[in-house]
Amino acid sequence: MTTTEAGGPPVTDHDRGVHGYHKQKDEHLKRLRRIEGQIRGLQRMVDEDVYCIDILTQVSASTKALQSFALQLLEEHLRHCVADAAVKGGDEIDAKVEEATKAIARLLRT
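Fair warning: this is a prediction, and the values are worked out from it, not measured in the lab.

### Quick look at helix α2 (residues 52-88)
Link 1 in the chain: End to end, α2 covers 52 Å across 37 residues, agreeing with the expected 54 Å (1.5 Å per residue, within 8%).
Link 2 in the chain: Taking the largest bend as the criterion, α2 deviates by roughly 30 degrees, centred on H77.

This is the structure:
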């Protein structure tokens, strides 16, 4: 949501401390708890001397779950934070695009 105050620059949800994932927060927390459970399962598998290939299969599933979560969060960042910066224009949009680009680069390195 965007408003203006006393004819000044636009004030966005981002200015109010509302992040792009805010509307999905409960769903994100649920996903993260499932991923946490997967990681605990990996610990248990190692503790129980499970066959290494079976553990690696679960590592792959956990990694994909985290990547999926990251991609959803990135999409929400682009739709909310970067879009808010675009409304404001100027240097802020350039900074947000650069920030998002660096985040994408970090995700691609993993």
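On we go.
### Quick look at the pattern of salt bridges
Link 1 in the chain: Tallying each qualifying case throughout the model produces five salt bridges.
Link 2 in the chain: Note that K102 is salt-bridged to E98, the shortest N-O span being 3.1 Å. One end of the pair is K102 and the other is E98, both in helix α3 (residues 91-109) and four residues apart, which spans about a single turn.
Link 3 in the chain: Relative accessible area serves as the criterion here: at 45%, E98 is assigned to the partly exposed category.

### Comments concerning the packing of α2 against α3
Each pair of packed helices can be summarised by the angle the axes make with each other and by the distance between the axes.
Link 1 in the chain: At a minimum axis separation of 8 Å, α2 and α3 run at an interaxial angle of 165 degrees. On the basis of the axis angle, α2 is roughly antiparallel to α3. For the pair α2 and α3, the sense of crossing is left-handed. Side by side, α2 and α3 meet where A70, L74, H77, L78, C81, V82, A85, A86 and K88 of the first sit next to E92, I93, K96, V97, E99, A100, I104 and L107 of the second.
Link 2 in the chain: Across the contact of α2 with α3, the residue classes break down as twelve nonpolar, one polar and four charged.

### A few points about helix α1 (residues 25-47)
The periodicity of an α-helix, 3.6 residues per turn, causes residues three or four positions apart to be oriented the same way.
Link 1 in the chain: The first and last C-alpha atoms of α1 sit 33 Å apart over 23 residues, in line with the 33 Å expected at 1.5 Å per residue.
Link 2 in the chain: Taken residue by residue, α1 has H28, I35, G41, L42 and M45 as its buried positions.
Link 3 in the chain: Its buried side turned inward, α1 meets α2.
Link 4 in the chain: Backbone geometry just after α1 places D49 at a positive phi near 55 degrees.

### Things to note about the confidence of the model for the protein
Link 1 in the chain: Of all residues in the protein, 83% attain a pLDDT of 70 or more, and the chain-wide mean is 87.
Link 2 in the chain: Confidence, expressed as mean pLDDT per element, reaches its minimum in the protein at strand β1 (residues 2-4) with 52 and its maximum at α1 with 96.

Parameters and conventions
Residues numbered from 1 in each chain as written. Predicted model: local features only at pLDDT ≥ 70, side-chain atom pairs only at ≥ 80, totals over all residues. Heavy atoms only, no water. Helix = DSSP H or I, 4+ residues; strand = E, 2+ residues; numbered from the N terminus. Expected span 1.5 Å × (residues − 1). Bend = angle between axes of the 7 residues up to and from the residue. Salt bridge = Lys/Arg side-chain N within 4 Å of Asp/Glu carboxyl O. Buried < 20%, exposed > 50% of the residue type's maximum accessible area, 1.4 Å probe, protein only. Axes fitted to C-alpha atoms, helices over the stretch in contact; angles between N-to-C directions. Parallel < 35°, antiparallel > 145°, perpendicular 65-115°, else oblique. Left-handed = near helix turned anticlockwise from the far one by under 90°. Contact = heavy atoms within 4.5 Å. Nonpolar A, V, L, I, M, F, W, Y, C, P; charged D, E, K, R; others polar. pLDDT = per-residue confidence, 0-100.

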